[in-house]
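Analysis of the macromolecular model
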Amino acid sequence: MSEDNTEVSSKEAWGGGVSPVKTSYGKQMMWFFLVSDALTFGALLTALGFMKHRFADVWPLCENVFYHFPGTHAHLPLIYVALMTFILIVSSVTMVMAVEAGHRLDKKGVIKWLAATVVGGLFFLTSQAWEWDTFIKGNEAQSTAFLLPSDNENIAHLRFSDDHYMFNEDGLGNPVELAIQAINSGEASLELANKSYASKADAVKFLENNAEQIQGANLKRNEYGLPLYANFFFCITGFHGFHVFSGVLFNLIILVQVMIGTYDKRGHFEMIEKTGLYWHFIDLVWVFVFTFFYLI
Amino acid sequence: MERDDLTKDNEYALSAHHSEEAGAQIRKKVWIVTSLLTVLTVIEVAMGIFLSERGTITWQLVKWGFIIMTAVKAGMIVMEFMHLGHEKKALKWLVLAPYIGFILYLAFICLTEATYIFSVGGGN
């Protein structure tokens, strides 16, 4: 009992006035916000994982959905998404450079790199808008996706043997009849939702039984397969895209503040570090979205 | 209470000031991390295009490859770009420990349950 009241210096015991984590209030709170935001994204991606495992046999493969690239009709699976990933990585790098310039109190450097980060963010947003547009509109020529009421309302795809992925552009007429023709002539076969191919007779039977051509995507149905697939696409990339949008906005506000000299007066550029954390977080989330939505 | 991010003599922010040489070193490291991130992304995309035949043993390996590469990329972004690896240990673990623990548990339990529902025919 008597030993307990020896004096302890404030360096050994935290008696207030110093931070146990040696960061400013603002930076610490940004970290706590990011942890909670990461939990939201973690929950969304876990829900996606749940549904992917639950519908393991019918979940669409992203290589068969995201193969478009602006300005060409070539079949380039995942290349556009990879480009978007690269844009985001580069804008993360320019942000590190802005933070580093801030530590040297190099105002010109901060303006240069922060402006580059804003441009990178806008590039990403535009790319995403294009991706959504392509996803919603579907194939430019006629879609080869058919809703089969006789096969549990599943979506089946016509696959052409000579490696093209849609009807010929002059393929006018009733799409279901065209599909039956293509199957009868051996030009194409019908890939069912569970990725197996139907026999010629089954394919014709399925198509004749009230099949309906589906083009593009909305929240109720889409040409790629399960409605949940498009729902998760819109929800996860949309939530991430909204983060990018607000990140660009924050970066713009901070850029103006740097230009009018707010942080020169304050004596340090820590604000760049705080918005920088948020911006890197957006890149971090995309790394996970890329793997768990697109790749796996 | 005075907000410590607004005071002119913010000791934590000021302690971060560094010289030209230190800056050059940091920039060099940033470029190394950037090239690693890019290389990993290129490998991932190549694997996604050429080794994506589902239901094979190769695919199982590729899948785990994706997960490991993603973890490595995330680690580089958090530790270097977000500077968490150079913060005080207390802050580092305050952020990492609860998150990693919770997410690993959530992912494990959800995937196990989903696989079970699929196996008993609740899938489709």
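Residues numbered from 1 in each chain as written. Chains lettered and ligands numbered in written order. Predicted model: local features only at pLDDT ≥ 70, side-chain atom pairs only at ≥ 80, totals over all residues.

Some words on the overall build of chain A
Scanning chain A for helices and strands turns up 8 helices and 4 strands. For chain A, the succession of helices and strands along the chain, N to C, is α-α-α-β-β-α-β-α-β-α-α-α. Buried positions account for 41% of the 296 residues belonging to chain A. Of all intrachain contacts in chain A linking residues separated by at least 6 positions in sequence, the fraction that spans at least 24 positions is 71%. (Helix = DSSP H or I, 4+ residues; strand = E, 2+ residues; numbered from the N terminus. Buried ≥ 20, exposed ≤ 12 C-beta atoms within 10 Å, placed from the backbone. Contact = placed C-beta atoms within 7 Å.)

Details of the sheet that holds strand S3 (residues 188–191) of chain A
All names here are of chain A. Across the sheet, 4 strands lie side by side as S3-S2-S1-S4; this open sheet has antiparallel pairing. Every interior strand has two partners, whereas the edge strands, S3 and strand S4 (212–214), have only one. For this sheet the average axis-to-axis angle between neighbouring strands, irrespective of direction, equals 35°. Note that strand S2 (residues 154–160) and S3 share 4 bridges and pair antiparallel. (Pairing = 2+ DSSP bridges. Axes fitted to C-alpha atoms, helices over the stretch in contact; angles between N-to-C directions.)

Observations concerning the confidence of the model for chain B
Residues and elements named next belong to chain B. Mean pLDDT over chain B: 85, with 85% of residues reaching 70 or higher. Mean pLDDT across the elements of chain B ranges from a minimum in helix H1 (residues 11–15), with 52, to a maximum in helix H3 (residues 57–81), with 94. Scoring of the predicted complex yields 0.88 for pTM and 0.88 for ipTM. (pLDDT = per-residue confidence, 0-100.)

Quick notes on the domain arrangement of chain A
Under the domain assignment, chain A is made up of domain 1 (25–138 + 227–295) and domain 2 (145–213). The C-alpha-based centres of domain 1 of chain A and domain 2 of chain A are spaced at 38 Å. (Domains from an automatic or database assignment.)

Topic: the nonpolar core
If you look at the biggest cluster of nonpolar residues, it comprises 68 residues, and the most contacted ones within it are Ala98, Val110, Leu114, Ile272, Val285, Val289 and Tyr294 of chain A. Of all the elements in the fold, those that place two or more residues in this core are helix H1 (25–54), helix H2 (79–103), helix H3 (107–137), helix H6 (227–259) and helix H8 (270–295) of chain A together with helix H2 (20–50) and H3 of chain B. Looking at which element gives the most residues to this core, the answer is H8 of chain A, with 17 residues. Other than its neighbours up to four places away in sequence, Val289 of chain A contacts Ile236, Thr237 and His240 of chain A. The next biggest cluster of nonpolar side chains, apart from the first, holds 19 residues, and it includes Ile180, Ala188, Leu190 and Ala203 of chain A. (Core = buried A, V, L, I, M, F, W, Y, C linked by C-beta atoms within 7 Å.)

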